[in-house]
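Here's the letter readout for the chains.
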Amino acid sequence: PVGGFELKHRSITVKGQPSYGQWTAALEFAAGAHENGPIWIAALLAYGESRHEWREKLSQAAALTGLTHKTLENLVSMYRKLSPKALAVAPSLGHMDAVTSFPAAEQEALLEQARDEELTVLEFRSLLSRRRRARSHVARWPPACLRVRLHFRSQCPAGRRRRRP
């Protein structure tokens, strides 16, 4: 029970007549669970995997979540790729997922930017896409069109050079 409310699977039961403070406490808890639930699940599964004596029971325990095996794999993979600070500053699960390919220090800075600028996941992915393009453009210098090929006269393809009379 949370402040006069019993929170169940997709329902609540009201116990007595909760106060406004109890109601807001339950609402805060529910909002936190909605936001943090997937990460809590990932952290708990990662911990469970570290317990060798639980190995044969893990699939049974994972089934308690009601999530597919692939979803659970994705959550745990994402969780493991993020630093604790990145997990703390990320505005949402979608923001976290978007930065998993970046190094930890960069994840944190990008997620802080997303939080501070209140970027939606779509805006954030667009920002990351522009950043990757800019990075790959620098990495490919010089462009292929500037590559120079030198030929000796004897090696020039036929028909490309005119002979002087």
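Residues numbered from 1 in each chain as written. Predicted model: local features only at pLDDT ≥ 70, side-chain atom pairs only at ≥ 80, totals over all residues. Heavy atoms only, no water.

## A closer look at the packing of aromatic side chains
Within this structure, the stated rule accounts for two aromatic pairs. Taken together, a centroid distance of 5.8 Å and an interplanar angle of 75° make the contact between Y47 and W54 edge-to-face. By relative accessible area, which is 42% here, Y47 ends up partly exposed. W54 sits in the partly exposed class, given a relative accessible area of 33%. One Lys or Arg, R51, reaches over the ring of W54 and ends 4.2 Å from the middle of that ring. (Phe/Tyr/Trp six-rings, centres within 6.5 Å; stacked < 30°, edge-to-face > 60°. Buried < 20%, exposed > 50% of the residue type's maximum accessible area, 1.4 Å probe, protein only. Lys NZ or Arg CZ within 6 Å of the ring centre and 35° of its normal.)

## A word on helix α1 (residues 20-50)
Between the first and last C-alpha of α1 there are 42 Å, a value that for 31 residues agrees with the 45 Å anticipated at 1.5 Å per step. Roughly 60° is the biggest bend found in α1, and it falls at N36, with proline P38 one to four residues downstream. Along α1, the residues that are buried comprise A26, G32, G37, I39, A42, L45, A46 and G48. Those residues of α1 that are buried are in contact with β1 (5-8), α2 (58-63), α3 (69-81), α4 (84-89) and α5 (93-98). (Helix = DSSP H or I, 4+ residues; strand = E, 2+ residues; numbered from the N terminus. Expected span 1.5 Å × (residues − 1). Bend = angle between axes of the 7 residues up to and from the residue. Contact = heavy atoms within 4.5 Å.)

## Things to note about the pattern of salt bridges
If charged atoms from side chains of opposite charge come close, those side chains can pair. Applying the stated criterion across every chain, the model contains nine salt bridges. A salt bridge links K8 to E6, with the nearest nitrogen and oxygen atoms 3.9 Å apart. You can call K8 partly exposed: its relative accessible area is 43%. As a salt-bridge pair, K85 and E112 come within 3.1 Å of each other at their nearest N and O atoms. Separated by 27 residues along the polypeptide, K85 in helix α4 and E112 in helix α6 (residues 104-116) bring together distant segments of the chain. (Salt bridge = Lys/Arg side-chain N within 4 Å of Asp/Glu carboxyl O.)

## Points about the side chain of E108
Positionally, E108 belongs in helix α6. Salt bridges are absent for the buried E108, whose nearest opposite-charge side chain, K85, sits at 4.5 Å. Not counting residues up to four positions away in its chain, the partners in contact with E108 are S83, K85, A86 and V89. (Lys, Arg positive; Asp, Glu negative; His and termini not counted.)

## Comments concerning unusual backbone geometry
Across residues other than glycine, the phi torsion is negative in most instances, and most of the peptide bonds are trans. Even without a glycine there, the phi angle at E118 is positive, about 50°. Following the sequence through the fold, E118 ends up in the loop between α6 and α7 (121-139).

## A few points about α3
Over its 13 residues, α3 extends 19 Å from the first C-alpha to the last, a length consistent with the 18 Å expected when each residue adds 1.5 Å. When we look at burial in α3, the residues that qualify are L72, L75, V76 and M78. Looking straight down α3, one finds its buried side chains confined to an arc of 160°; they lie on one side. In this structure, α3 carries H69 and K70 as exposed residues pointing more than 90 degrees from its buried face. Structurally, α3 contributes buried residues whose contacts are with α1, α2 and α5. (Arc of directions from axis to C-beta.)

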